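# Overview (structure and organization)
Residue-level listing of the chains:
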Amino acid sequence: ATLSTLFEDPWMFLVFVLVFLFTLAIHEFSHAFAAHLLGDPTAERANRLTLNPLAHVDIVGFLALVTVGFGWGKPVPFNPYNLKYPRWGPALVAGAGPFSNLLVGSICALLLRFLAPVFGDNNLLIIFLASGALLNFLLMFFNLIPLPPLDGSKALFAVLAAERHRGLRNWIETRGPMLLMGLIVLDVFLGLGIFAWISIAARGLLRLFLQ
């Protein structure tokens, strides 16, 4: 769904934007809440411990969403030195985001399973639930990729916490974002299907709920 959808089907565009804002708010709030539970007040002080999507929207990320169909939100700040578990704390904070996607996606999918036969596939609520389930599953699998700035990288860094892995950690931290962006660009413009597994996994998970 992009700006072309706005002119072709304004209601569909509105549903798409609402699903994005709803998903973004819960994902980023989950990061902030996990950090709060682990003893770090940084996100709360930055007014990110909230379900208000406006607190989490990145303007450039939102404009990218409505123009090319791929967007992002503002990263939730946290101080790893404040966390109860120095090694695994960052991974727990990061993992709260994909876990929220799994939870919300599952709830949307279950509601979809029972409500779709009642309201029909063209009902806006059904479209919202279907889009919400699929988007959350897509984000969950995408964020589990162990490259920064994605959430999966924090788990990888926890595994590579030993001093002997410092060089590898530094390489991943500095080159990881460029590597990820390069893979995305190659996938988009050359159609290599590098991330095709994400869509396959997300749709497969959704089908499991709808059986």
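First, a word on scope: everything that follows refers to the structure included in this document. None of the values given here were measured: they were computed from a predicted structure.

### Examining the pattern of salt bridges
A full pass over the atoms with the stated rule returns one salt bridge. Notably, a salt bridge pairs Glu163 with Arg166, separated by 3.0 Å at the nearest N-O pair. By relative accessible area, Glu163 is classed as exposed at 51%.

### Some thoughts on the layout of surface pockets
Computed from the structure, the largest pocket encloses a volume of approximately 1700 Å³. Surrounding the largest pocket, 46 residues form its lining, Phe70, Gly71, Trp72, Leu139 and Phe142 being those nearest its centre. Of all the elements in the fold, those that place two or more residues in the lining of the largest pocket are helix H2 (10-37), helix H4 (59-68), helix H5 (89-119), helix H6 (124-143), helix H8 (166-190) and helix H9 (196-210). Across the lining of the largest pocket, the residue classes break down as 32 nonpolar, nine polar and five charged. Every residue along the wall of the second largest pocket is listed here: Pro80, Tyr81, Pro86, Arg87, Pro90, Pro148, Lys154, Phe157, Ala158, Ala161, Arg169 and Glu173. At the level of secondary structure, the elements contributing two or more residues to the lining of the second largest pocket comprise helix H7 (152-159) and H8. Tallying contributions element by element places H7 first for the lining of the second largest pocket, with three residues.

### A look at unusual backbone geometry
Omega for the peptide link from Pro148 to Pro149 comes to 10 degrees, which places this bond in the cis form. Summarising the element assignment, Pro149 is placed in the loop between H6 and H7. Positive phi, close to 60 degrees, is recorded for Asn47, a residue that is not glycine. Looking at the element boundaries, Asn47 is found in the loop between helix H3 (42-45) and H4. A relative accessible area of 59% places Asn47 in the exposed class.

### Regarding the side chain of Asn136
Here Asn136 lies in helix H6. Asn136 gets classed as buried once you look at its relative accessible area, which sits at 1%. There is a polar contact of 3.0 Å between the side chain of Asn136 and the side chain of Asn101. The residues contacting Asn136, other than those within four sequence positions of it, are Thr23, Ser100, Asn101, Val104 and Gly105.

The rules behind the values
Residues numbered from 1 in each chain as written. Predicted model: local features only at pLDDT ≥ 70, side-chain atom pairs only at ≥ 80, totals over all residues. Heavy atoms only, no water. Salt bridge = Lys/Arg side-chain N within 4 Å of Asp/Glu carboxyl O. Buried < 20%, exposed > 50% of the residue type's maximum accessible area, 1.4 Å probe, protein only. 1 Å grid on protein atoms, 1.4 Å probe; cavity = no way out; pocket = protein on both sides within 12 Å on 5 of 7 lines; lining within 4 Å. Points joined across faces, edges and corners; volume = space filled by probe spheres on them. Helix = DSSP H or I, 4+ residues; strand = E, 2+ residues; numbered from the N terminus. Nonpolar A, V, L, I, M, F, W, Y, C, P; charged D, E, K, R; others polar. Polar contact = N/O pair within 3.5 Å; in protein donor to acceptor, adjacent residues only side chain to side chain. Contact = heavy atoms within 4.5 Å.

Note that all results are geometric; they support no functional claim without further evidence.
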